Amino acid sequence: FDGQLTRQQLAGWARQDFALKRCPTWWVGGRLLNSPSLDVQRAVFGALLDELGDEDRGGHTEMYLRFSRALGMTDDEMFGAGLLPSTVMAVDQLMAINRNRPVYESLASGSVAGEAVNVQFSTRFIEANDRVYKLPRESLDWFYEHTVADEGHAGIGETVVMRLARSVDAQNRV
């Protein structure tokens with residue numbers, strides 16, 4: 001957050017982080033499968049559209065690849081990066097939660113907890129970039145997007161969690 005990583009360290013972190021940044025479309029797909037009603041499906045679907053993006057700006061995966069290119073890495077390097085065991089475990093666990101658990105549990109783990117962190121992290125990373133790294137603005141689209149979009153996603157997730165996690169057992173699992 002404070003800009004103390006070297007460019008090489010930042011690139012190493014980005015290779016691991018990309019493993020998480022390229023998965024949300026699959027995670028949201030799992031949430032759709034576990035959504036109990038059309039109104040919940042519609043709420044979840046909005047986040048999927050945000051992740052997929054449009055033809056002009058691309059989706060969140062393409063945004064993150066622009067960031068990695070600014071750090072001097074190729075797309076092949078990003079997709080083929082060797083992953084640390086902790087990264088593999090995080091990706092696998094989030095995939096399992098979104099595929100196999102009720103939608104309120106997956107939203108609690110991703111939208112409520114994860115996306116709220118993205119807002120803070122992205123804001124602080126942009127500030128560190130302005131002070132230290134000086135990467136071009138267009139390479140930071142993922143970060144700029146997540147200072148705003150994830151506030152909305154977290155709010156949707158919180159609304160659905162509060163509505164569906166009504167029992168004590170459900171509340172304890174979230």
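Note: the structure precedes this text.
### Considerations on the nonpolar core
Ranked by internal contacts, the top residues of the largest apolar core, which has 20 residues, are Tyr64, Phe67, Leu71, Phe125 and Phe143. Mapped by element, the contributors of at least two residues to this core are α1 (7-21), α4 (60-70), α7 (103-133) and α8 (141-164). Per-element tally for this core: the top contributor is α7, with five residues. With residues near it in sequence (within four places) discarded, Phe125 still touches Leu10, Phe67, Tyr133, Leu140 and Phe143. Residues Tyr104, Leu107, Val161 and Ala165 belong to the second largest nonpolar core, which totals 12 residues.

### Structural notes on the side chain of Ser68
Take Ser68: it is sitting in helix α4. Excluding anything up to four places from it in sequence, Ser68 contacts Met73 and Met78.

Conventions adopted
Residues numbered from 1 in each chain as written. Predicted model: local features only at pLDDT ≥ 70, side-chain atom pairs only at ≥ 80, totals over all residues. Heavy atoms only, no water. Core = buried A, V, L, I, M, F, W, Y, C linked by side-chain atoms within 4.5 Å. Buried < 20%, exposed > 50% of the residue type's maximum accessible area, 1.4 Å probe, protein only. Helix = DSSP H or I, 4+ residues; strand = E, 2+ residues; numbered from the N terminus. Contact = heavy atoms within 4.5 Å.

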